[in-house]
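What follows is each chain in one-letter form.
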Amino acid sequence: MPKSKNMRQELLGKLPGMPALMNHPEIKTLRENNPTLFVNDIVRQTLDILRQRILATDNSDLAGITIDEEQLAEQALEIALRALEPSVKPAINAAGVILHTALGRSVLPETAQLAVANAIRGYCTLAINEETGKRGDRHAHLDKLIAHVTGSEAGIIVNNNAAGTMLILNTLAFGKEVIVSRGQLVEIGGAFRIPEVMERSGCKLVEVGTTNRTHLRDYENAITEETAAILRVHTSNYRIIGFTGEVPLPELAALGRKYNLPVIDDLGSGAIIDLSQYGLPKEPTVIESVNAGMDVICFSGDKMLGGPQGGILVGKREIIDRVKKNPLTRALRGDKMQYAATEAVWKLYLEPEKLPQTHPVLRMVTEPAESVKRRTQNFRRRISAAIGDRAVMSIEPDGTEMGSGSLPGKGIPTYVLRMVPNGRTADCIGGILRKGRPPVFIRIVEDALLFDLRTVAKAEEKVLAECVIKAFDRAFK
Ligand SMILES: *Cc1c(COP(=O)(O)O)cnc(C)c1O
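The rules behind each value
- Residues numbered from 1 in each chain as written.
- Predicted model: local features only at pLDDT ≥ 70, side-chain atom pairs only at ≥ 80, totals over all residues.
- Heavy atoms only, no water.
- Near = heavy atom within 4 Å.
- Polar contact = N/O pair within 3.5 Å; in protein donor to acceptor, adjacent residues only side chain to side chain.
- Areas by Shrake-Rupley, 256 points an atom, 1.4 Å probe, with all protein chains shown as cover.
- Helix = DSSP H or I, 4+ residues; strand = E, 2+ residues; numbered from the N terminus.
- Nonpolar A, V, L, I, M, F, W, Y, C, P; charged D, E, K, R; others polar.
- Contact = heavy atoms within 4.5 Å.
- Buried < 20%, exposed > 50% of the residue type's maximum accessible area, 1.4 Å probe, protein only.
- Pairing = 2+ DSSP bridges.
- Domains from an automatic or database assignment.
- Axes fitted to C-alpha atoms, helices over the stretch in contact; angles between N-to-C directions.
- Core = buried A, V, L, I, M, F, W, Y, C linked by side-chain atoms within 4.5 Å.
- Parallel < 35°, antiparallel > 145°, perpendicular 65-115°, else oblique.
- Left-handed = near helix turned anticlockwise from the far one by under 90°.
- Patch = residues over 30% accessible without salt bridge, like charges linked within 9 Å, V, L, I, M, F, W, Y side chains within 5 Å.
- Salt bridge = Lys/Arg side-chain N within 4 Å of Asp/Glu carboxyl O.
- Lys, Arg positive; Asp, Glu negative; His and termini not counted.
- Charge placed at Lys NZ, Arg CZ, Asp CG, Glu CD.

Student: Is there a simple way to explain the site of the ligand in this structure?
Tutor: As a matter of local geometry, the ligand sits amid R105, N160, N161, A162, I188, F192, H234, S236, D266, G268, S300 and K303. Take N161: an N or O atom from its main chain is 3.0 Å from an oxygen atom of the ligand. Computed on the free molecule, the ligand has an accessible area of 390 Å², of which 93% lies beneath the protein chains in the complex. Secondary-structure elements contributing two or more residues to the shell around the ligand are α8 (161-173) and β6 (263-268). Taken together, the residues that form the shell around the ligand break down as 3 nonpolar, 6 polar and 3 charged.

Student: Which parts of the structure should I look at to understand the side chain of T150?
Tutor: Topologically, T150 is positioned in helix α7 (residues 140-150). One polar contact links T150 to S152, side chain to side chain, over a distance of 2.9 Å. Apart from the residues lying within four places of it in its own chain, the contact partners of T150 are V286, I287, V290, V314 and W346.

Student: Help me understand the pairing of strand β13 (residues 448-452) in this model?
Tutor: Within β13, 5 of the 5 residues are buried, which leaves it mostly tucked inside the rest of the structure. Of the two faces of β13, the one carrying A448, L450 and D452 and the one carrying L449 and F451 are both buried. Sheet analysis places strand β12 (residues 443-445) next to β13, joined by 3 bridges and oriented antiparallel. Bridge pairing in β13 places R443 opposite L450.

Student: What should I look at first to understand the domain arrangement of the protein chain in this one?
Tutor: By convention, interface size is frequently given as the accessible area that disappears when the constituent parts associate. Its domain assignment divides the protein chain into domain 1 (3-84), domain 2 (92-101 + 365-476) and domain 3 (110-355). Computed from C-alpha atoms alone, the centre-to-centre distance between domain 1 and domain 2 is 36 Å.

Student: What should I look at first to understand the sheet that holds strand β7 (residues 296-300) in this one?
Tutor: The strands making up a sheet associate through backbone hydrogen bonding, with each pair oriented either parallel or antiparallel. Strand order in the open sheet formed by 7 strands is β2-β8-β7-β6-β5-β3-β4, with mixed pairing between adjacent strands. The outermost strands of the open sheet, each flanked by one partner alone, are β2 (154-158) and β4 (204-208). Adjacent strand axes in the sheet meet at a mean angle of 25°, parallel and antiparallel pairs treated alike. Both strand β5 (residues 227-233) and β6 contribute to a ladder of 4 bridges, which runs parallel. Its bridge partner being in β6, I230 is matched across the sheet by V263. Across the sheet, helix α11 (residues 249-258) lies against β5 and β6, angled at about 175° from β5, the strand it touches most. Where helix α15 (residues 336-348) meets the sheet, it contacts β2, β7 and β8 (311-315), and its direction lies at approximately 135° from that of β2.

Student: Sorry, what's going on with the pairing of β8 here?
Tutor: Consecutive side chains of a regular strand alternate in pointing toward one face of the sheet and then the other. Along β8, 5 of the 5 residues are buried, which leaves the element largely enclosed by surrounding structure. Both faces of β8 are covered, namely the face carrying G311, L313 and G315 and the face carrying I312 and V314. Looking at chain direction, β7 and β8 are connected through 5 bridges and run antiparallel. Its bridge partner being in β8, I297 is matched across the sheet by V314.

Student: Even after reading the chapter, I still don't get the nonpolar core, so can you show me in this structure?
Tutor: Nonpolar side chains in soluble globular proteins generally cluster together in the buried interior. Ranked by size, the top nonpolar core spans 56 residues in total, and within it F299, W346, Y349 and M402 carry the most contacts. The dominant element in this core, judged by the number of residues it contributes, is α15, at 6 residues. Each of domain 2 (92-101 + 365-476) and domain 3 (110-355) contributes no fewer than three residues to this core. With residues up to four places along the chain from it excluded, the contact list for Y349 reads V149, I272, I273, M304, L305, L355, H359 and L362. Judged by nonpolar contacts, the second largest core, of 28 residues, contains F192, I194, V197 and A229.

Student: Help me understand the packing of helix α4 (residues 36-56) against helix α5 (residues 69-84), please; the structure alone is not making it clear to me.
Tutor: A pair of packed helices is captured by two measures, namely the crossing angle of their axes and the spacing between those axes. Contact pair α4 / α5: the axes reach a minimum separation of 9 Å and the direction vectors enclose 125°. Accordingly, the angle class assigned to the pair α4 and α5 is oblique. For the crossing formed where α4 meets α5, the hand is right-handed. Facing F38, I42, Q45, T46, L47, I49 and L50 of α4, the residues of α5 in contact are L72, Q75, A76, I79, A80, A83 and L84. By residue class, the composition of the contact of α4 with α5 is 11 nonpolar, 3 polar and no charged.

Student: Is there a simple way to think about the environment of S276 in this case?
Tutor: With respect to the secondary-structure elements, S276 resides in the loop between β6 and α12 (286-291). In this structure, the C-alpha to C-alpha distance between S276 and P19, residues 257 residues apart in sequence, is 67 Å. Here the side chain of S276 touches D274 through a polar contact of 2.7 Å, side chain to side chain.

Student: Teacher, can you tell me more about a positive patch on the surface here?
Tutor: Residues R82, R434, K435, R474 and K477 make up a contiguous surface patch of positive charge. The topology assignment puts K477 in the segment after α20 (461-475).

Student: I tried to follow the pattern of salt bridges on my own but got confused; where do I start?
Tutor: Where charged atoms from two side chains of opposite charge approach closely, those side chains can pair. Considering all chains together, one arrives at 23 salt bridges under this definition. Between R105 and D302 there is a salt bridge whose closest N-O contact spans 3.0 Å. One end of the pair, R105, is in the loop between β1 (92-93) and α6 (110-120); the other, D302, is in the loop between β7 and β8, with 197 residues separating them in the sequence. A relative accessible area of 21% places R105 in the partly exposed class. Classification of D302 by relative accessible area gives buried; the value is 9%. Between D295 and K316 there is a salt bridge, and its shortest N-O distance comes to 2.8 Å. Placement of the pair is D295 in the loop between α12 and β7 and K316 in the loop between β8 and α13 (317-325), with a sequence separation of 21 residues. Salt bridges sharing common partners tie together E85, K89 and R437.

If you want it as structure tokens, here you go:
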């Protein structure tokens, strides 16, 4: 019999049995706090992983495998901890994308976090009229507040902006035609495509104009008996530059009034305050759309607004009332957590001058590049002794992305810490950071790790430093 075959058999024979591992002191402690069946499963998984490894390893490499009960118990504990921790868990975003959809989009203000915790502690007044004790309307909580801040007649919230767009189209134009410019037939990440949304809402799309230019007469020529609405879509995540032209909103509103047709505005990001006052590129604001005479406007709750997931609809009271009565609205409504958090966020807009302090998204947007630079210098000082010569570090100018289709391209000047590891790839370190606790997300460019602290709160800096040092220790072990 060849020696290697012996060796494989020998290794398999040395694997501890289930009872031995189950009685290991650490595993015993795990059993005291968790169901035995769960622990059984974890221990069996751990043994299986090693058994598969022995079976799959080349003969020449078998000598590298050791069987150590202590190590197996440690692995079982690690698997158990991962299985027990929440699947949705806090993470650090050092990638420099403020509204990072995969990382939960906007970071909620503290007042909104408290409002949610308060509302879900027990029962709450979600849909009850406290005066009469009768069933009330959940939409009433936000109607006046949203209308007041945006200068519109009425407002409601639904599940998200995709739902908002569908609801408006379905309410105003089911079975009829909606006119849209060819330059606005966009896809907004993750299967939200205007032509498909239109079809699912039961409307017929009437395309007008060309990709780069659409004129008022294009809209007017397309109006027929079958027309139910005109739709404007903010192209969010892309820009056409050069020889372009869109119809200004006031002219589109006037056309709607002339033919008695509602004009819908899907604003997407929906900034409430004008970012150009902070020296940033201009995003269209909700208030501008209201002032331009748009009949109904929808936008996301968790983009520039900075709240929880939601779709905000504002506009003419008559239209909002019709949307409320649509049975689909019942299917796409929000829950008490959404209402509680959304209310708290809109209240911050009553004191707009304080937003850079009270509102995390606007705090990130408005932090001066010099301040990010100072924090980055401190951060580098914090880790440099521990990292030593395992990476070359520098601080470089870069750009923070708004994300989620707002301010496409890198809109906000920032500084990043650039780390080029010596003898390990940036991908290797990046992977360890991602799988660490808490998970850390960064950018990797040309085999360098880039950390943008604009999206890292001051309170997270210490933990981030520990994560980076741990990741290097692990990579260079
Ligand atoms: C983001 C976006 C949507 C989708 O909004 P969600 O809140 O993610 O559902 C719809 N329309 C436009 C123009 C957008 O930018």
